[in-house]
Each structure stands twice: as C-alpha cells, then as structure tokens.
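Commentary on secondary and tertiary structure
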Amino acid sequence: MAFDYDLFVIGGGSGGVRAARIAASEGGATVALAEESRMGGTCVIRGCVPKKLMVFASGYPDAVEDARAYGWEASIGGFDWPAFRGKLDRELDRLEAAYRSGLTSAGVEIFDERATVADAHTVALASGRKVTAKHILIATGGRPFVPDFPGCELAMSSDDVFQLESLPSSILVVGGGYIASEFACILHGLGVEVCQFYRGAQILRGFDDEARGHVASAMIDRGIHIKCGTDVIRLEKTERGVRAVTTDGSDQEFGAVLYATGRRPNTRGLGLEALGIELGRHGQIPVDGWSQTSVPSIYAVGDVTDRINLTPVAIREGHAFADTVFKGEPRQADHELVASAVFTQPELGSVGLSEEAAREQEPIEVYAAAFRPMQSLFAGRPDRVLMKLIVSQASRKVLGCHIVAPNAGEMIQLAAIAVKMGATKEDFDRTVAVHPTMAEELVTLRKPIRTA
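Residues numbered from 1 in each chain as written. Predicted model: local features only at pLDDT ≥ 70, side-chain atom pairs only at ≥ 80, totals over all residues. Heavy atoms only, no water.

1. Some thoughts on the nonpolar core
A general tendency of soluble globular proteins is for nonpolar side chains to be buried together. M54, I171, F183, V194, M219 and L348 are the most contacted members of the largest nonpolar core, which totals 45 residues. At the level of secondary structure, the elements contributing two or more residues to this core comprise α2 (41-46), α3 (48-58), α5 (81-106), β9 (170-174), α7 (178-189), β10 (193-198), α8 (209-222) and β15 (256-259). If you tally residues by element for this core, the top one is α7, at seven residues. Sequence-distant contacts of M219, that is, excluding residues within four places in its chain, are made with S181, A184, C185, Q196, I203, I224, I226, T344 and Q345. (Core = buried A, V, L, I, M, F, W, Y, C linked by side-chain atoms within 4.5 Å. Buried < 20%, exposed > 50% of the residue type's maximum accessible area, 1.4 Å probe, protein only. Helix = DSSP H or I, 4+ residues; strand = E, 2+ residues; numbered from the N terminus. Contact = heavy atoms within 4.5 Å.)

Now the structure itself:
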C-alpha cells in the first residue's frame, strides 16, 4: 500500500518536533506534523520557558536587597507586568518561529490544525482532509487539570497565568506539586500576597522528605502562607475577587485563585479507543519500551504516555523512536536516574532515590549538611542550603543526591553525571573541593548522619 507519508506526527511539542525532524533530516522519511495550537508545545509556550523567565524576574527584589547589604546604593520600584509580558510574548514568538524553521528546513510539512486518528494508518484533519501514513506518532502532551467542584469555573490554571492582563494583589495557589510551588514563589517575588493550600501533609510529594521540608520552611520564612491538610470546598465570586471556603471551616477572599493540581494526558477525542488502544486511568497511552502502542503502526512519546513528564525525556523518547523506526538504529529511551529541578526559591535539585525510597530497597548511609551560604550570610539573610547524599552500604554507590540551594538546578545537572556513571561515596571523597562554593559540601561530607 502506498502512503501519503512515512510518518505523521500529531503534536508540535518538544518530543514530536524532535521525532519529526530526525525522521525527515536523518532518516530520509516523508514527514508531516499537525499542531492545533502553537508550535513548541507546553514547555516552550506555556511551561518551562516562560515560567523560568518569570523566575528570573521574581528574583530581582532579593538581588537589590543583597546589593544594599554589600554596600551598593540600590533601590527597586514596582514591577511592570504589562511591559514584562509584552517582552515575554515576543520571546515566545521568536522561539515558535525557530521551531517552525527547524521543521521546514528538515522537509517536514506542517498542518496548523487539529488532527485525530481515523484508523491505524489514517489521520483526519479538522479541515476535513484525510491523509495516510505508514507510522503515526502521538505527541500531544498534557493539559492542566482542575477538579470539578462548586465554583471551579472561577479558578484559573497554570496556562492562564501567562495571559493575565494584570497581577492580582493576592492569590490562592491550590496544589502541592512543583508547578504550584514554583508559581507560589514566582508570584510572591513579583509582589503578590500568596497563600498555598495543599490537601496532603507536605508539599512536593515524591521528593526526598528532608529536602521538601527544607523548601517549605524557606518558602514560609519568605512570607508565603502554606496551609497543608487543607482543601477548597467551593469558590464564590465577590466584588473584589474570589472567596474560598475550605475544609478547615474557614473562608478567605483572594484577588484570584490558581489551581495547579496536576496535568492530564491530552488524549480526549483523538480516536484511540476506537482502535482498541485502552487508555490508562488518567487518559495516558500505554506503550512499551519502544514507545509503541498495542496498534503496531501507532507510537506515542512525551507527557501523553505519563512515564516521566519532563521535556528532556520527551525529546529523548522522540529521538529514540526516529532512530529505531527510520534510521535502523534500534534504541530505547533511558528512563533510569533522570535528574529534575524544582524552580522554587530556593531551588530543589534531585537525582536518584529519596532517603525514604532507598531505605525500602536496601541498607543505606545518609550524608547531609545544612548551612548558611556565604553570599546570603554576609547579606544578613537567614537562608540555609541543604546538600544530601544517599549511599548504599553494600556497593558504596551514591543512590541519590538532593540539593536545596540557589542554582540547585545547575548543580544537580553535573552531579547527575556522576550518579549516572555509578560513582561511589569514595569517588566523591577523592574529588578535590572547589573552594569557596556551596557545592563543595558534596565532596566533603565525611561521616554519615544516620544509617538505615
């Protein structure tokens, strides 16, 4: 059977774009890609990139305060959100254009419309056209999830933050994951009074308990009101904003309410169930190690599979798919020991096992140090950083590394190389410290603080 394309990709995020570009430019395939929104997907348009730029913006008040402590005559005025947002929009336009240019240069045909799957080899476009492909790749990412409850329509999602016409004077952030915690810190840094509700016992579930407790304490010290064990019963519109009625019997009014209670795979209406692909509980597409679904011609990569929902992982999955199917180089994406960073203030960087997970696996030693770093100590700030290693008693391998500090994301990227290579505690010990730095603690932790 002759097909219109060798590959049709549904979704123009990082994973789909990488797969399309490699298949076309290096694999010699005829490729088309459909994107119903903006090219670049969640990360580039409404996630990692704009969020990180907001993180930078939110840090300048502290920088100016530190400058005064270091002898500079420095002051800062109010934050001009419209000016920042205008420049942010222009930067996202530039990035989207770069994504498009990369696809076009590789020979990928772009369809700026919604696409669904009609059968194992047919894609239906919103314009009414149907095209065929030998292989179909689903890379539609995720979407924000806001639960259904009275007044839920009054809440905005993380996607909406970037489109605000003005910043509210106060905001309730509901959720305890990295998105909620990051936006709580960002908005606080931009001058918004922030309260964060989380129904669990502590924010940042899934990360090392000691590390997430350290982050929560630092956020509270900065003036963010965190209320754990609390959830919203209903939201009510008021003259000045939104009133939240909560499970602890209280109610409070805010200028706005942001729900960051997770994301769901973006599979609604794609037509996959009709082909016999049984979606997971949250709508995720089950795939094997080759990113292949139960229908041999259909693959899926990225957040839509709900494996590890990180942009670099989606890129690796998309690249491995293209290498395997179109270049004759069978390769599976490696999902072991993937590092991550939470861009709170301070940041949290993590790779490998938490102390809790490692303790369940085998006997361990825990090395950790919490201290006031030189820069903020001199400025009179009470900030403390945390450096922590989890070590196997048997193999001496470092099973996990957790850092809470300014620029922890940068540090964990380098530590992850050592952990991925199987470095032992003695390998860390043999490494000469770079002084004076915060990260030197990772190679000067001599005695375990506890064993388990």
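2. Observations concerning α8
For α8, built from 14 residues, the straight-helix expectation of 20 Å at 1.5 Å per residue is met to within 8% by its first-to-last C-alpha distance of 20 Å. Taken together, the buried positions of α8 are A211, R212, G213, H214, V215, A216, A218 and M219. The backbone nitrogen of E210 has a side-chain oxygen 3.1 Å away, supplied by the residue at the start of α8, namely D208. A positive phi of about 110° marks G223, the residue just after α8. (Expected span 1.5 Å × (residues − 1). Polar contact = N/O pair within 3.5 Å; in protein donor to acceptor, adjacent residues only side chain to side chain.)

3. Some details on the packing of aromatic side chains
Evaluation of the coordinates by the stated rule reveals 10 aromatic pairs. With centroids separated by 5.7 Å and ring planes inclined at 50°, the aromatic side chains of F79 and F84 adopt a geometry described as tilted. Relative accessible area serves as the criterion here: at 33%, F79 is assigned to the partly exposed category. With a relative accessible area of 18%, F84 lands in the buried category. Linked through ring pairs, Y5, F8 and F111 together constitute an aromatic cluster. Above the face of the F145 ring, R264 is positioned so that its terminal group lies 3.9 Å from the ring centre. Over the face of the ring belonging to Y367 we find K425, whose NZ or CZ atom lies 4.4 Å from the ring centre. (Phe/Tyr/Trp six-rings, centres within 6.5 Å; stacked < 30°, edge-to-face > 60°. Lys NZ or Arg CZ within 6 Å of the ring centre and 35° of its normal.)

4. Regarding the pattern of salt bridges
Per the counting criterion, the structure on display carries 39 salt bridges. Notably, a salt bridge pairs D66 with R381, separated by 2.7 Å at the nearest N-O pair. Of this pair, D66 sits in helix α4 (residues 60-69) while R381 sits in the loop between α11 (374-378) and β21 (385-392), and the two are 315 residues apart along the sequence. Overall, R381 belongs to the buried group, its relative accessible area being 11%. Note that R85 and E165 form a salt bridge whose closest N and O atoms lie 3.5 Å from each other. (Salt bridge = Lys/Arg side-chain N within 4 Å of Asp/Glu carboxyl O.)

5. Thoughts on the sheet that holds β15
With respect to topology, five strands assemble into an open sheet ordered β8-β15-β9-β10-β11, the strand pairing being parallel. The strands lining the two open edges of the sheet, one partner per strand, are β8 (156-157) and β11 (225-228). Relative to β10, β9 is paired through five bridges, and the arrangement is parallel. Bridging across to β10, L172 finds its partner in C195. Packing against the sheet, α7 makes contact with β9, β10 and β15, and its axis sits at approximately 165° to β10. (Pairing = 2+ DSSP bridges. Axes fitted to C-alpha atoms, helices over the stretch in contact; angles between N-to-C directions.)

6. Some details on the pairing of strand β20 (residues 364-371)
Of all eight residues making up β20, six are buried, and the element is well covered by its neighbours. Examined bridge by bridge, β20 and β21 share eight bridges and lie antiparallel to one another. Bridge pairing in β21 links Y367 to L389. Sheet topology note: the β20/strand β23 (residues 450-451) ladder contains two bridges and is antiparallel. Directly across from E365, in β23, lies its bridge partner T451.

7. Some remarks on the packing of α3 against α7
Between two packed helices, what matters for the description is the angle formed by their axes and the separation of those axes. The geometry of α3 relative to α7 is characterised by a closest axis approach of 8 Å and an angle of 35° between their N-to-C directions. For the crossing formed where α3 meets α7, the hand is left-handed. Taken together, the residues of α7 that come into contact with α3 (itself represented by K51, M54, V55 and S58) are Y178, E182, F183, I186 and G189. Of the residues in the contact of α3 with α7, the class split is five nonpolar, two polar and two charged. (Left-handed = near helix turned anticlockwise from the far one by under 90°. Nonpolar A, V, L, I, M, F, W, Y, C, P; charged D, E, K, R; others polar.)

8. Overview of unusual backbone geometry
The omega angle of the peptide bond from Q345 to P346 is 10°, so this bond is cis rather than trans. Counting through the fold element by element, P346 comes out in the loop between β18 (340-342) and β19 (347-352). With omega at -5°, the peptide bond leading from H435 into P436 counts as cis. In this structure, L204 takes a positive phi of about 60° despite not being glycine. One can find L204 in the loop between β10 and α8. In this structure, D306 is a non-glycine residue whose phi angle is positive, near 55°. On the secondary structure map, D306 appears in the loop between β17 (298-300) and α9 (311-326).

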